[in-house]
Amino acid sequence: MHSFHYENGALHCEGVNLNTLADEQGTPLYVYSKATIVDHYRRLAAGMSELDCQICYATKANSNLSVLNLLAKEGAGFDVVSGGEIFRVEKAGGAPGKCTFAGVGKTRAEIELGLEKGIYSFNAESEAEVAFINQVAGELGKVAPIALRVNPNVDAKTHKYISTGKSENKFGIDFEVIEKAYERAAALPNVKIRGLQMHIGSQLTSVKPFVEAVEKVRPFVEALKEKYNIEFFSIGGGIGIVYEDTLASGSDSWWEAQEEKPLTIEEYASQLVPLLKPLGLKIILEPGRFMVGNAGVLITEVLYEKRGSAKTFKIIDAAMNDLIRPALYEGHHDIARLKEPTGEDNEIVDIVGPVCESGDFFAQNRELPGLDAGDRIALLSAGAYGFVMASNYNSRPLPAEILVDGEQAHVIRRRQTMDDLVAGEVIV
Ligand SMILES: *Cc1c(COP(=O)(O)O)cnc(C)c1O
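Student: Even after reading the chapter, I still don't get the pairing of strand S13 (residues 282-285), so can you show me in this structure?
Tutor: In regular strands, side chains alternate between the two faces of the sheet. Here strand S5 (residues 53-58) pairs with S13 via three bridges, running parallel. By the bridge assignment, Ile-55 is partnered in S13 with Leu-285.

Rendered as structure tokens:
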């Protein structure tokens, strides 16, 4: 589901009129729906209820403390990729004992922090990393719980920048050599083998690659259980979301309207649960995008229209520094005018930001409702890999973030000030 819909001619998030909110808070502005995030968590947990399943939310997708806190209260653990994320999770009330630590380049300081906090599993991505974790743990007189990340060499059929499970990607240890890697890890005194992990890519719109990867790896998981008595198998994250026509059928029937869309939780669960259940292990899922993607929008205001000989440009006050998905992954975001469209004033336009890069656009040759200077639009499905990837490029202060809960809108991160822009800098 998601909670964005028109009411009395204006786009709302749950019970909050987004135009009124933008009057108060300014633009660009990230707005998240609490109900959507909670609904997505509960749907996934319910789909997996036949398994001993721990959802470890992929913190990097949206790491605002309030979002993490919300999920911690629902029972989520967290998949973290840095010391900074461990710090955030703990500050937000998450339990390190329910956290897995991913990433190909963990530093000494990060490994020490993870050991000190009692991370559930260090998911190691190379033998060199395992050796280093063993060394650091030994120096601290500790034993590090580890899993190896296997690269199953399946094609996730997603954008090349977010595919991670092919041999040519930098992630994980090749399936062909993983058994030997476990044997060598088992001989190390300061690591304890706790599980196996994989993550084949992001924004997967079919369940097939997940099934293929699980089927390929399953006999090996059984062997690991036999040999090292492992506790868990993590199948990673990657559940894709719908980026197009998200508002088309209204909020109530929205989820149902997705039935014929590529990947639903019902399909994910019905195909994977029967494959995973016989293993008798704890199954970890690491969804990021699925949990928060459709729960967030970026509100922005039209500044100018520029009619060129070839195109009409609408220049808005959000830019690639605020939301980089279109520039980085050719990501699509539906665009909704906050004032409900009538369908009568549509035109074909480019929506572009103010940054001096040709990649700074949000839509090209797209048919949209008429937009005058001062009108506001929402870039939809911006809750995942949105704010977290924002930068201060062009010395643009980071937008504020709002969490809507029914009629209430909470500022969960204030807009940056000019002083924030130069914090930490000195003139010599
Ligand atoms: C990024 C990442 C995830 C989350 O991916 P989504 O596509 O957002 O679900 C899960 N696990 C690992 C190891 C990751 O790097």
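Student: Help me understand the pattern of salt bridges in this model?
Tutor: Opposite charge on two side chains permits them to pair, given that their charged atoms come into close proximity. Considering all chains together, one arrives at 24 salt bridges under this definition. In this structure, Lys-227 and Glu-183 form a salt bridge, with 3.4 Å as the shortest nitrogen-oxygen distance. Here Lys-227, found in helix H8 (residues 208-228), pairs with Glu-183, found in helix H7 (residues 178-186); they are 44 residues apart in sequence, far enough to count as distant. Glu-183 sits in the partly exposed class, given a relative accessible area of 32%. Notably, a salt bridge pairs Asp-345 with Arg-337, separated by 3.1 Å at the nearest N-O pair. According to the relative accessible area criterion, Asp-345 is partly exposed, its value standing at 33%. It is possible to trace a salt-bridge network through shared partners that takes in Glu-305, Arg-307, Lys-314 and Glu-347.

Student: Any chance you could explain helix H4 (residues 83-91) here in plain terms?
Tutor: It helps to recall that an α-helix has 3.6 residues per turn; residues three or four apart then point in one direction. Within H4, burial applies to Gly-83, Glu-85, Ile-86 and Val-89. Looking straight down H4, one finds its buried side chains confined to an arc of 160°; they lie on one side. In H4, the exposed positions angled more than 90 degrees off the buried face are occupied by Phe-87 and Lys-91. Structurally, H4 contributes buried residues whose contacts are with helix H3 (65-74), strand S6 (77-80), strand S7 (99-101) and helix H5 (108-117). Capping of H4 at its N-terminal end is provided by Ser-82; its side-chain oxygen lies 3.3 Å from the backbone amide nitrogen of Gly-84. In the segment just after H4, Gly-93 is the residue with positive phi, at about 95°.

The rules behind each value
- Residues numbered from 1 in each chain as written.
- Predicted model: local features only at pLDDT ≥ 70, side-chain atom pairs only at ≥ 80, totals over all residues.
- Heavy atoms only, no water.
- Pairing = 2+ DSSP bridges.
- Helix = DSSP H or I, 4+ residues; strand = E, 2+ residues; numbered from the N terminus.
- Salt bridge = Lys/Arg side-chain N within 4 Å of Asp/Glu carboxyl O.
- Buried < 20%, exposed > 50% of the residue type's maximum accessible area, 1.4 Å probe, protein only.
- Arc of directions from axis to C-beta.
- Contact = heavy atoms within 4.5 Å.
- Polar contact = N/O pair within 3.5 Å; in protein donor to acceptor, adjacent residues only side chain to side chain.

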